[in-house]
Amino acid sequence: MGRLKEKQLLEMSKPQGDYDLCCYIVMWKGEYVAKNLVQPLEPYFANVALADPAYDVKDIIPIYYENLGLVGGPKGYLAGPGAKLYGLPYGAETSVLAYRKDIFAKHNLAVPENYDDFLKILRVIKDKEGIGALTSRGQAGHQCVHAWLLHLNPLGGAVFDDQWRPRFNDKVGVQALKFFQEVVATGPAGIPGYGQGEANTAFLQGQAAMYLDSTSFVGLVNDPSKSKVVGNVGWALHPRGVKRASQSGGLGLTMPKNAKHPEAGFLLLQWLTSKAQDKAVTKQGGAPIRNSTMEDAEVVKQYPEFVVFKEALKYSNPDWRPIIAEWDEINIQALGVAVSEALTGKKAPRRR
Amino acid sequence: MNDNTRTGWLFVAPAVVIMLVACLYPVLSAVHLGFYEWSMGTPWSEAKWAGWTSFQIAFTEPSVWRSLWTTLKFAAVSVSAEMVLGIALALALESNLRGMAFFRSLFILPMMVAPIAVGLTWRYMFDAQFGLINAVLVALGFAAKGWLAEESLAFAAIIIADIWQWTPFVFIMVVAGLANVDSSVLEAARIDGARWWTVTTRVKLPMIAHVLAITLVMRLIDAFRVLEVIYVLTFGGPGESTEVLSLHIYKTAFIGQKLGAASAISVLLLVVVMVLTWLALRMSNPMRDNEGDR
Amino acid sequence: MTAGLELSGVTKRFGENTIVQGIDLVANPGEFIVLVGASGCGKSTILRMIAGLETVTEGRIMIKGRDVTHARPDQRDIAMVFQSYALYPHMSVAENMSFALSLTRTSKSEITRRVAEAAHILGIEPLLERKPKALSGGQRQRVAMGRAIVREPSVFLFDEPLSNLDAKLRAQMRVELALLHKRLGKTTVYVTHDQVEAMTLANRIVILERGVIQQIGTPGEVFNRPRNLFVAGFIGSPGMNMFKGVLTAADVVVLDGSRATVRLARPVHGPPGAAVVLGVRPQGLALAEGADAVLRMQVKVAEYLGTETVITGALAGSGEAVTSSVSGDHGGVAGTEIGLSIDPKHLHVFDAESQLNLVQ
Ligand SMILES: Nc1ncnc2c1ncn2[C@@H]1O[C@H](COP(=O)(O)OP(=O)(O)O)[C@@H](O)[C@H]1O
Ligand SMILES: [Mg+2]
């Protein structure tokens, strides 16, 4: 994944590129715009020769639209005056809680609604069922930070305050990290080494009773060739802390400035993200980006959990992490080391 | 310089020049880049002269020294284990001529696997829940371990993966070296009263000292540059426990977007590798046997 | 007196192949024995069995009355000099020579003394600190011998030690070897394919063919009384002439082709009418005219070598190859037909079937 960005940077800084569309991770959007490598999409949508009148931009899930598409607002990566559209979501996601209905029923457990219950139930499941309570990413670097941010947001914390002063190490930051430590203590063995693949596998193979991660996980859960827990999984909202705040992230499609055939690129982009195509892809197991797809009766019949997902999207927080140029470094080299060291017990979480 | 040597120099000059340029250009450009602040994806014209800042960072940043220390430990442990195991295997199997062909082709496999695949394979093997290593440990009556979840175990894991991948290289080099040893010298040693251990340590291995030295140097250089396997296996963690210098350089360059600092650190790495290579070559001086030759 | 070295019924098989067959050999103490034979006839194998580098399939090896058939090489009281010298390339000359002693409980001073003594004998004192790579072929050869001498063994074994040297150095080293043997007086087994080395060095020569001993004898015996055709052809240079013929009487051979009648000095043991091979050393054929000229030859080449001329050509009548060695310069006969007389003293008669010498 890391290597993809290098390649894209090199590719898009050539005088003339070989790609007319570029699939990026949400974190990179600000950097690509700042380095003048991608172009705004509005002129293309304004071009009657290109724009599809039935496209319906408003139908795109607003939080995805803001999170992946907008750059240039007052906070840079959020909506607001000055923000322009540079990309469209294509594989976006938010966080939901997957849980094992069978295990919860067996021990007569209620699905945790808030972080107090969430914390308590970890130990209960571990003791009663003998398997990991909650599986989680935990590998040093962006993986463990991602998991920590999942808890930090609803607990009311943030990496920076509104004046861009670091606050990740305040009381809430410590609380979130301690929660994470309990997740490791009660979870499947080896979480501090888990990437997303290992975290997934633990749940799919029945080694963990819960998994708080992305909506995009649903495809794997329902695939009998990869999952041993098909039919036993329930979905719930990301538990509430002082507020509800689920994650926002995923992939988007943008158009490099050095594209050789920008019009063709736009047409493809428009088609890929159109209503019909979104529904078709979703039915094949893809992640929808449109409200119309989320609400489509046929789709909901196929994926009953979309009812919960749609609810979760209401709480998806576009300011879930700061999408600034320095974020990669803070994420991987600073927080990624510190959180990891807390998970192995090398260092204790404490306030500064 | 007589006429003959001058003509000789003329003949090799183009090759020497090309070699020098090919060897020095990347080094010099790394040094050059070290003096600038520049970010990938921006035009070079926007690069800012930064003077010695990057080198200062390279030499004062604790994480640089930590990762250098990690690299030293990694190289020392894995390369010495590879040398010992590779030599032992070669000695054990060299006489078994029929088995040899089989083992040689078997042992060559790990080296041919792409480093990313090696990393992935070992990541599965070390998996705490489903990994083969823990399965074997449990079958043998030991407790399963969180291999990639604990600092010391993760460090052991990257070493084990490296040993698995590179012991065969040592093995093949040593086997090739031993194949060139005049067997009558070994017979002379037997007649002189040397038993297996003495023949091995005082005759056989000294006779391939130059091969051992070259092998050692090649392994050391490689061990200092190891990146992909660790990237995939641990990404430097837990904490920074497996963050070797090349991974640190990678992160500095492509995650921290500090290409200048990354270049400065890679110059540091280059210097360390050169010093170590020089030491290793001196220790086992492969040229010594040629003293007074001609 | 116990033998210096005794081989009885020594046989070596590699799998199905019998390489050495029933070797019986007794070397007297101090005797210089040379094993000679064509390449691949098993000489090295015999030597290596004596050294303990190769197992013995059948038979027994005794050194100074002690059975060493299954003893380790270092416990046999032997030292060996290899064709490739087999010096330890990473050790100095002194270290090469003292290696064996350093593995035993020999004192430092004793080691130094013995190395110095051997170096003195061989004249390699100035080389002691050098590495083998810094030595010439002859010097390496000396060091290899020095390494053997230092161990003061009962038996010296040499495997073609001179074959890597140029002709001049080989001749010189041959003399030195002879002197060295005289000085040390140790039982020696020396392997070579070069019959000149064999003739000049040996007390007794053992001639081998395909792992079987053909004859054991002093140089004079094997030259003058070769037991069979193989030995006769192998020993002597230029080689013995061989003419096919028939034994018409106990002392008369009529050659095939030329129908020449050759009278022998003494009657031989063979039935009249038997097919034989007449062997004549080149020195036994002299230029002759008239009645003395028993044979006629068409000369192809006449090489004047300073004291004698070696004339080669084809025998008139049979076309068999002939070589004659006559004293003086006769280079002029090349291309002509000449007459040759036969000196009966140099005649041998071999049974064509058994190949044995009938003169004995
Ligand atoms: N280890 C072995 N295995 C099989 N055959 C061998 C081995 N060593 C020698 N021989 C065979 O034995 C024969 C005699 O070899 P050797 O004693 O070296 O001959 P020489 O020294 O007279 O030239 C050769 O045909 C050789 O190929
Ligand atoms: Mg031989």
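Predicted, not measured: the structure shown is a model, and the values here were computed from it.

## A short note on the overall build of chain A
Moving on, step 1. Helices and strands together make up the secondary structure of chain A, namely 16 helices and nine strands.
Moving on, step 2. Taken against the 2.2 N^0.38 rule, which gives 20 Å for 352 residues, the C-alpha radius of gyration of chain A at 20 Å falls within 12% of a compact globule.
Moving on, step 3. Considering only C-alpha atoms, chain A reaches an extent of 65 × 50 × 30 Å along its principal axes.
Moving on, step 4. Taking contacts inside chain A between residues at least 6 apart in sequence as the whole, the part at least 24 apart equals 72%.
Moving on, step 5. Approximately 14,300 Å² of chain A is accessible, and the part contributed by carbon and sulfur atoms is 54%.
Moving on, step 6. Each charge class in chain A was averaged separately, 41 positive and 36 negative side chains, and the resulting centres sit 5 Å apart.

## Regarding the site of ligand 1
All names here are of chain C.
Moving on, step 1. F14, I19, A38, S39, G40, C41, G42, K43, S44 and T45 make up every residue found near ligand 1.
Moving on, step 2. In the environment of ligand 1, an oxygen atom lies 2.6 Å from a nitrogen or oxygen atom belonging to the backbone of G40.
Moving on, step 3. Contact with the protein chains hides 57% of the accessible area of ligand 1, taken as 570 Å² for the molecule alone.
Moving on, step 4. If you tally residues by element for the shell around ligand 1, the top one is helix α1 (residues 43-51), at three residues.
Moving on, step 5. Along the lines of polarity and charge, the residues of the shell around ligand 1 split into four nonpolar, five polar and one charged.

## Overview of the packing of helix α8 (residues 171-186) of chain A against helix α16 (residues 327-343) of chain A
Residues and elements named next belong to chain A.
Moving on, step 1. Between α8 and α16, whose axes approach to 9 Å, the crossing angle comes to 50°. On the basis of the axis angle, α8 is oblique to α16. Pair α8 / α16 crosses with right-handed handedness. Within the contact between the two elements, α8 uses L177, F180, Q181 and V184 and α16 uses V339, A342 and L343.

## Considerations on the sheet that holds strand β7 (residues 208-214) of chain A
All names here are of chain A.
Moving on, step 1. Strand order in the open sheet made by the four strands is β6-β7-β5-β8, with mixed pairing throughout. In the strand order of this sheet, the two ends are held by β6 (132-135) and β8 (233-237), each with one partner. Ignoring strand direction, the axes of neighbouring strands in this sheet form an average angle of 20°.
Moving on, step 2. When strand β5 (residues 95-100) meets β7, the two strands line up antiparallel, connected through five bridges. Bridging from a neighbouring strand, V96 pairs with D213 of β7.
Moving on, step 3. The strands touched by helix α6 (residues 115-129) within the sheet are β5, β6 and β7, with β7 carrying the most contacts at an inclination of about 140°.

## Structural notes on the domain arrangement of chain A
Residue and element names in this part refer to chain A.
Moving on, step 1. According to the domain assignment, chain A consists of domain 1 (2-92 + 249-310) and domain 2 (94-246 + 326-343).
Moving on, step 2. The largest per-residue losses of area from domain 1 upon contact with domain 2 belong to K75, V308 and F309, which jointly make up 48% of the total buried on that side.
Moving on, step 3. Looking at side-chain class alone, the side of domain 1 that touches domain 2 contains six nonpolar, no polar and three charged residues.

## Quick look at the arrangement of the chains
Moving on, step 1. Counting contacts across all two pairs of chains that touch, the top pair turns out to be chains A and B.
Moving on, step 2. With no contact between them, chain A and chain C keep their nearest C-alpha atoms 49 Å apart.

## Considering the interface of chain A and chain B
Moving on, step 1. Facing 35 residues of chain A, the contacting portion of chain B comprises 32 residues.
Moving on, step 2. Surface buried jointly by chain A and chain B totals about 2,600 Å² across both partners, of which 55% is contributed by carbon and sulfur atoms.
Moving on, step 3. Taken as a group, R3, K35 and Q333 of chain A account for 19% of the area that chain A buries against chain B, more than any other trio of residues on that side.
Moving on, step 4. Summed over the shared surface of chain A and chain B, the result is three salt bridges.
Moving on, step 5. The tally of links from chain A across to chain B stands at nine residue pairs in polar contact (both at pLDDT 80 or more).
Moving on, step 6. Those elements that place two or more of their residues in the side of chain A that touches chain B are α1 (2-12), α9 (196-204) and α16 of chain A.
Moving on, step 7. In terms of residue count, the dominant contributor to the side of chain A that touches chain B is α16 of chain A (seven residues).

## Side note on the pattern of salt bridges
As a working rule, side chains carrying opposite charge can pair if their charged atoms are close by.
Moving on, step 1. Here the structure, examined in full by the defined rule, presents 46 salt bridges over all chains.
Moving on, step 2. A salt bridge links K346 of chain A to E341 of chain A; the shortest N-O distance between them is 3.7 Å.
Moving on, step 3. Relative accessible area serves as the criterion here: at 5%, E341 of chain A is assigned to the buried category.
Moving on, step 4. Residues E31 of chain C and R204 of chain C are paired through a salt bridge, measuring 2.5 Å at the closest nitrogen-oxygen approach. Of the two residues, E31 of chain C is situated in the loop between β2 (17-27) and β3 (32-37) and R204 of chain C in strand β9 (residues 204-209); the sequence distance between them amounts to 173 residues.

## Quick look at the environment of K133 of chain C
Moving on, step 1. Here K133 of chain C is to be found in the loop between α3 (108-122) and α4 (137-150).
Moving on, step 2. C-alpha of K133 of chain C to C-alpha of L87 of chain C: the two residues are 46 residues apart in sequence and 9.6 Å apart in space.

## Overview of the environment of E240 of chain B
Moving on, step 1. Within the secondary structure, E240 of chain B sits in the loop between α11 (228-233) and α12 (245-254).
Moving on, step 2. For E240 of chain B, a relative accessible area of 15% translates into the label buried.
Moving on, step 3. Measuring from C-alpha to C-alpha, the distance between E240 of chain B and L140 of chain B comes to 31 Å, with 100 residues separating the pair along the chain.
Moving on, step 4. Excluding its chain neighbours within four sequence positions, the residues that come into contact with E240 of chain B are V337 and E341 of chain A together with S63, R66, T70 and E151 of chain B.

## Re the interface of chain B and chain C
Moving on, step 1. Contacts between the two partners involve 22 residues from chain B and, on the opposite side, 26 residues from chain C.
Moving on, step 2. Of the roughly 2,100 Å² buried where chain B meets chain C, counting both sides, 57% is carbon and sulfur surface.
Moving on, step 3. For the interface between chain B and chain C, the tally reads two salt bridges.
Moving on, step 4. A salt bridge links E187 of chain B to R48 of chain C, with the shortest nitrogen-to-oxygen separation between them at 2.7 Å.
Moving on, step 5. Linking chain B with chain C are eight residue pairs in polar contact (both at pLDDT 80 or more).
Moving on, step 6. The set of elements that each furnish at least two residues to the side of chain B that touches chain C consists of α8 (183-191) and α9 (196-207) of chain B.
Moving on, step 7. For the side of chain B that touches chain C, the element with the highest residue contribution is α8 of chain B, accounting for seven residues.

## A closer look at the nonpolar core
Moving on, step 1. In terms of nonpolar packing, the biggest core is built from 205 residues, with F118, W148, F180 and M210 of chain A touching the most fellow members.
Moving on, step 2. Ranked by residue count, the leading element in this core is helix α7 (residues 151-179) of chain B, at 14 residues.
Moving on, step 3. Each of two domains, domain 1 (2-92 + 249-310) and domain 2 (94-246 + 326-343) of chain A, supplies a minimum of three residues to this core.
Moving on, step 4. Residues contacting F118 of chain A, with those up to four places away along its chain left out, are L97, P112, L134, F179, M210, L212 and P239 of chain A.
Moving on, step 5. Among the nonpolar cores identified, the runner-up in size contains 44 residues, and V36, I111, L122 and F158 of chain C belong to it.

## Details of the pairing of strand β12 (residues 252-255) of chain C
All names here are of chain C.
Moving on, step 1. Because side chains alternate across β12, one face comprises the buried residues V252 and V254, and the other comprises V253 and L255, equally buried.
Moving on, step 2. Sheet topology places strand β11 (residues 241-249) next to β12; four bridges connect them, and they run antiparallel. Among the inter-strand pairings, A249 is bridged to a residue of β12, identified as V252.
Moving on, step 3. In this structure, β12 lies alongside strand β13 (residues 261-263), joined through three bridges in antiparallel fashion. Across the sheet, residue V254 finds its bridge partner in β13, namely T261.
Moving on, step 4. Taking the residues that link successive antiparallel strands as the turn, the β12-β13 hairpin has five residues, and the phi of G257 there is positive, at about 80°.

## Some words on unusual backbone geometry
Moving on, step 1. Of note, the amide linkage connecting G237 of chain B to P238 of chain B takes the cis form, showing an omega dihedral of -5°.
Moving on, step 2. Considering the arrangement of structural elements, one finds P238 of chain B in the loop between α11 and α12.
Moving on, step 3. Between S237 of chain C and P238 of chain C the backbone carries a cis peptide bond, its omega angle lying at 0°.
Moving on, step 4. Its place among the elements puts P238 of chain C in the loop between α8 (229-234) and β11.
Moving on, step 5. Notably, N36 of chain A is not glycine yet its phi reads approximately 65°, a positive angle.
Moving on, step 6. Relative to the helices and strands, N36 of chain A is located in the loop between α2 (29-34) and α3 (42-46).
Moving on, step 7. Here N36 of chain A falls in the partly exposed class, since its relative accessible area comes to 48%.
Moving on, step 8. At R259 of chain C, a position not held by glycine, the phi torsion is positive, near 55°.
Moving on, step 9. If you trace the backbone, R259 of chain C turns up in the loop between β12 and β13.
Moving on, step 10. Judged by relative accessible area, which is 56%, R259 of chain C ranks as exposed.

Rules and cut-offs
Residues numbered from 1 in each chain as written. Chains lettered and ligands numbered in written order. Predicted model: local features only at pLDDT ≥ 70, side-chain atom pairs only at ≥ 80, totals over all residues. Heavy atoms only, no water. Helix = DSSP H or I, 4+ residues; strand = E, 2+ residues; numbered from the N terminus. Rg over C-alpha atoms; globule rule 2.2 N^0.38 Å. Contact = heavy atoms within 4.5 Å. Areas by Shrake-Rupley, 256 points an atom, 1.4 Å probe, with all protein chains shown as cover. Lys, Arg positive; Asp, Glu negative; His and termini not counted. Charge placed at Lys NZ, Arg CZ, Asp CG, Glu CD. Near = heavy atom within 4 Å. Polar contact = N/O pair within 3.5 Å; in protein donor to acceptor, adjacent residues only side chain to side chain. Nonpolar A, V, L, I, M, F, W, Y, C, P; charged D, E, K, R; others polar. Axes fitted to C-alpha atoms, helices over the stretch in contact; angles between N-to-C directions. Parallel < 35°, antiparallel > 145°, perpendicular 65-115°, else oblique. Left-handed = near helix turned anticlockwise from the far one by under 90°. Pairing = 2+ DSSP bridges. Domains from an automatic or database assignment. Buried area = accessible area lost by both parts, 1.4 Å probe. Salt bridge = Lys/Arg side-chain N within 4 Å of Asp/Glu carboxyl O. Buried < 20%, exposed > 50% of the residue type's maximum accessible area, 1.4 Å probe, protein only. Core = buried A, V, L, I, M, F, W, Y, C linked by side-chain atoms within 4.5 Å.

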